Amino acid sequence: VQLQACGGGLVQAGGPLRLSCAASGLAFSGYAVGWFRQTPGEEREFVATISRVGRVTDYGDSVKGRFTISRDNAKNMVYLQMNWLKPEDTAVYYCAARWTVTGAIGTSVNAYQNWGQGTQVTVSS
């Protein structure tokens, strides 16, 4: 599976932004997908994840209640709706795909085998 994230940009604090992750390759619906973010000098941080058919989701504590992850397997797309953005949400955002026999979601960087290039999100105060 190959992934490409897009939708980043500059937004004012309190505003919304939606990121998209386009997947290509076979059997995308067999992969759990996650979003991570990273700022310079920091480790990559877990943001959100969604199970293969979207029944299970999980979020990082800093984004719970503000971000929503969803997917459309018919279109091979995963989305991250970000609301009430804060300056501390500024980062490069990455999407990643994870295949396991059980289909379990994951919250660690090491749980994901496939990564897309990042998209920059900048939130101004």
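Report follows, based on the coordinates. On a predicted model such as this, the values are computed, not experimentally measured, just so you know.

Moving on, we get to the pairing of strand E5 (residues 45-50). Within E5, 5 of the 6 residues are buried, which leaves the element mostly enclosed by the surrounding structure. Two elements, strand E4 (residues 32-38) and E5, share 5 bridges in a ladder whose sense is antiparallel. Considered in E5, the bridge of Gly 34 is made with Thr 49. Connecting the antiparallel pair E4 and E5 is a turn made up of 6 residues, with Gly 41 showing a positive phi of about 80°. The hairpin turn running from E5 into strand E6 (residues 57-59), its antiparallel successor, is 6 residues long, and Gly 54 in that turn takes a positive phi close to 90°.

This next bit is on the nonpolar core. Core analysis: the biggest nonpolar cluster contains 28 residues, and Trp 35, Leu 80, Met 82 and Tyr 93 have the highest contact counts within it. Breaking this core down by element, the ones donating at least two residues are strand E1 (2-6), strand E3 (17-24), E4, E5, strand E7 (67-72), strand E8 (77-82), strand E9 (91-98) and strand E11 (119-124).

The rules behind these values
Residues numbered from 1 in each chain as written. Predicted model: local features only at pLDDT ≥ 70, side-chain atom pairs only at ≥ 80, totals over all residues. Heavy atoms only, no water. Buried < 20%, exposed > 50% of the residue type's maximum accessible area, 1.4 Å probe, protein only. Helix = DSSP H or I, 4+ residues; strand = E, 2+ residues; numbered from the N terminus. Pairing = 2+ DSSP bridges. Core = buried A, V, L, I, M, F, W, Y, C linked by side-chain atoms within 4.5 Å.

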